[in-house]
Amino acid sequence: MASMESLIALVNRIQRACTILGDHGDGDGALPTLWEELPSVVVVGGQSSGKSSVLESIVGRDFLPRGSGIVTRRPLVLQLHKLESGVQEYAEFLHLENKRFTDFAAVRKEIQVETDRLTGKSNRISNVPIHLSIYSPNVVNLTLIDLPGLTKVAVEGQPESIVQDIENMVRSYIAKPNCIILAISPANQDVATSDAIKISREVDPTGERTFGVLTKLDLMDRGTNALDVRLLAFFPFPFSLFLSVGRSYRLKHPWVGIVNRSQADINTNMDMIAARRREGDYFSTSTEYGHLASKMGSEYLAKLLSKHLESVIKARLPAIASMINKSIDELESELDQLGKPVAIDAGAQLYTILELCRSFDRIFKEHLDGGRPGGDRIYTVFEYKLPVDLRRLPFDRHLSFQNVRKAVSQADGYQPHLIAPEQGYRRLIESSLNFFRAPAQSSVDEVHFLLKEIVRMSIRETQELRRFPTLQAELAAAAYEALERFREGSKKTVLRLVDMESSYLTVDFFRKLPQEVERGEGPLSAASEDRYSEGHFRRIGSNVSSYIGMVSETLRNAIPKAVVHCQVREAKRCLLDHFYTQLGRKEGKQLAQLLDENLELMERRQQCAKRLQLCKAARDEIDSVSWSR
């Protein structure tokens, strides 16, 4: 079973990994955040509430920057590690690897320098934390997060939004359900107006997670004390701090009183260990607080927080492990979709491009063959649109009595036909067959449009291609160019089918016509009919119309075969053949340009890889520690 100290050390190591790998808990939810799940003690207080003095008293060292206005402008993750008695204490910053500080004045200076590195010399704030680890015999194992002090107004040099910016940062930390809030309030002011208590109440209305700290007890007005606040904390029921008439804020945990160093003590550089002893002497000799001396002071506060943090970590660890395992599965799945980073070697790059083309080609064929939607729309062109277009051809108008008479008359020239107007028949048939050219070309264009749409769909659905916009564009251009060639070939073929019908008429159809007339009206009436009567011309129009109907059925069956053979089949067979030929001639630099990744996807892969690295490191850390249940 692991010791409680190792559980705090475990969370410390995970927090350090979070900072190194960019998990500050301030994301937009696009990535799972481990920082949000880790139990922590967050120090909240208004400016001049004594917040820095409490931290320094817990550490036993004077190490925090001081001054007017906003001094803390970045979160400070303060990790305390207890050493054996007699071992020299030292400090380490996460951003300064393998550098130890034994001079705590240098620690103060480095905090200021590292703060200015991100925020500049201005009074802006940043949510990127500074990690400071202090190893000392004078501390308990504990992690505290110090945040900028709450303020009510912006002073000169501060942006107008500074008040709200600080509140938002503080609220983002303490709103987490596994956050322990250390609310610092000066005892020489009205606790009901405390900035720390007000904001704590917003996120922890039941007071379950909040520890109240009263500073500057020695500065209270003569004749007053904090017993009303302090003693009520030991009642069997939760303490109620009355904020206003009729409203109260209950804290589950007892308040702790602190006596800070005075400004004169700070100016004379009073040793913090001596200040601790003086604080203890104050409480033990105080007539008001003597009976509570064992549960007052910064040393007691540190032990109280350490013990509570240990219990929270122990309770939360199984849930944290579960969240980590779930995040690992999700991140690994997304990284599989995003693909591996692009290789540098030209041969590997060519192989990658060919694999991507094969993936695209496979999806394209699935659309055509019915494995994915899209190919069925080509069938619709042949089954519905082409027949409709054929039926709408203006043969009734073209083969009207007036047009037939005109065509037959003009075909005879200055000599009338002797038996049958063969030239008139041929002219009427040829002019009628020309109408089939438009539906034939329309079928070709419709299928061409659908094939282009299927190419676009296939490129979108090829997950691996999404990483490479340049290759997508090149691949689409090559596919469109090939489809254009197929369309031209298909168009020539279908028009040739129409021209073939004009080149050689089906003679048997016309040989049967006189027999049909004789069977219908008798030979005498047929022979004696005036060849220039209206009935004669109408019969010619009817015969031509019947012949055109026969040709229409023939073309209705032949055009789809030609289009599929010349366009669909060719697209399946050799859509990217020309692209492959060009690809083989490209040099390494040109191949690299094709694999110029989408910047957003590159960033996303890097983010996922870092977060996966963090989660796996955290999982390994947790697996190395066992705890009692």
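Note: the structure precedes this text.
Being a predicted model, the structure only gives us computed values, none of them experimental.

The rules we used
Residues numbered from 1 in each chain as written. Predicted model: local features only at pLDDT ≥ 70, side-chain atom pairs only at ≥ 80, totals over all residues. Heavy atoms only, no water. Helix = DSSP H or I, 4+ residues; strand = E, 2+ residues; numbered from the N terminus. Buried < 20%, exposed > 50% of the residue type's maximum accessible area, 1.4 Å probe, protein only. Contact = heavy atoms within 4.5 Å. Areas by Shrake-Rupley, 256 points an atom, 1.4 Å probe, with all protein chains shown as cover. Phe/Tyr/Trp six-rings, centres within 6.5 Å; stacked < 30°, edge-to-face > 60°. Pairing = 2+ DSSP bridges. Axes fitted to C-alpha atoms, helices over the stretch in contact; angles between N-to-C directions. Core = buried A, V, L, I, M, F, W, Y, C linked by side-chain atoms within 4.5 Å.

Colleague: For this particular structure, what's the right way to read the overall build of the protein?
Modeller: When helices and strands are counted, the protein shows 22 helices and 11 strands. Across the 629 residues in the protein, those meeting the buried criterion constitute 48%. Restricting to contacts in the protein with at least 6 residues of sequence separation, those with at least 24 account for 80%. Accessible surface, the protein: about 31500 Å² in total, of which carbon and sulfur atoms supply 50%.

Colleague: Is there a simple way to explain the environment of E553 in this structure?
Modeller: Within the secondary structure, E553 is located in helix 19 (residues 534–574). Given a relative accessible area of 44%, E553 falls into the partly exposed group.

Colleague: Hey, could you run me through the packing of aromatic side chains in this one?
Modeller: Any two aromatic rings considered together are summarised by their centre-to-centre distance and by the angle between their planes. Summed over the entire model, instances satisfying the criterion amount to 11 aromatic pairs. A centroid spacing of 5.5 Å and a plane angle of 50° characterise the contact between F395 and F436, whose relative ring orientation is tilted. Linking F395 in helix 12 (residues 395–398) with F436 in the loop between helix 14 (422–433) and helix 15 (437–461), this pair joins segments that are 41 residues apart in sequence. With respect to burial, F395 and F436 carry one shared label: buried. Judged by centre distance (5.3 Å) and plane angle (80°), the ring pair of F509 and F510 falls under edge-to-face. A residue is classified by how much of its surface remains accessible, and F509, at 19% relative accessible area, is buried.

Colleague: Got a minute to help me understand the sheet that holds strand 3 (residues 90–93) in this structure?
Modeller: Two strands in a sheet stick together by hydrogen bonds in their backbones, pointing the same way (parallel) or opposite ways (antiparallel). If you trace the 9 strands from one edge of the open sheet to the other, you get 4-3-5-2-6-1-7-8-11, paired in mixed fashion. Unpaired on one side and paired on the other, strand 4 (100–101) and strand 11 (256–257) mark the two borders of the sheet. By the bridge criterion, 2 bridges tie strand 8 (residues 210–215) to strand 11 in an arrangement that is parallel. In the sheet register, V213 faces strand 11, and the bridge partner there is V256. This element, helix 4 (residues 162–174), spans strand 1 (40–45), strand 6 (142–146) and strand 7 (179–186) of the sheet and lies at about 150° to strand 1. Relative to strand 6, helix 9 (residues 298–338) is tilted by about 100°, and along the sheet it contacts strand 1, strand 6, strand 7, strand 8 and strand 11.

Colleague: Got a minute to help me understand the pairing of strand 2 (residues 76–82) in this structure?
Modeller: Put simply, side chains in a regular strand alternate between the two faces of the sheet. Here strand 2 lies mainly inside the structure; 6 of its 7 residues are buried. In the sheet, strand 2 pairs with strand 5 (residues 130–136) via 7 bridges, with the strands oriented parallel. Bridge pairing in strand 5 places L80 opposite I134. By the bridge criterion, 5 bridges tie strand 2 to strand 6 in an arrangement that is antiparallel. Among the inter-strand pairings, Q79 is bridged to a residue of strand 6, identified as T143.

Colleague: Is there a simple way to think about the nonpolar core in this case?
Modeller: Inside soluble globular proteins, nonpolar side chains tend to come together where they are buried. Grouped together as the largest cluster of nonpolar side chains are 100 residues, with contacts concentrated most on F63 and L132. For this core, the element with the most residues is helix 9, which contributes 17 residues. If near-sequence neighbours (up to four positions away) are discounted, L132 is found in contact with F63, L76, V77, L78, Q79, A91, E92, F93, V107 and I111.

Colleague: Quick question: what am I supposed to make of the environment of A618 here?
Modeller: Note that A618 resides in helix 22 (residues 599–623). You can call A618 buried: its relative accessible area is 2%. Taking C-alpha positions, A618 is 9.8 Å from N325, a pair spaced 293 residues apart along the chain. Setting aside anything within four residues of it in sequence, one finds A618 in contact with I14, L34 and I324.

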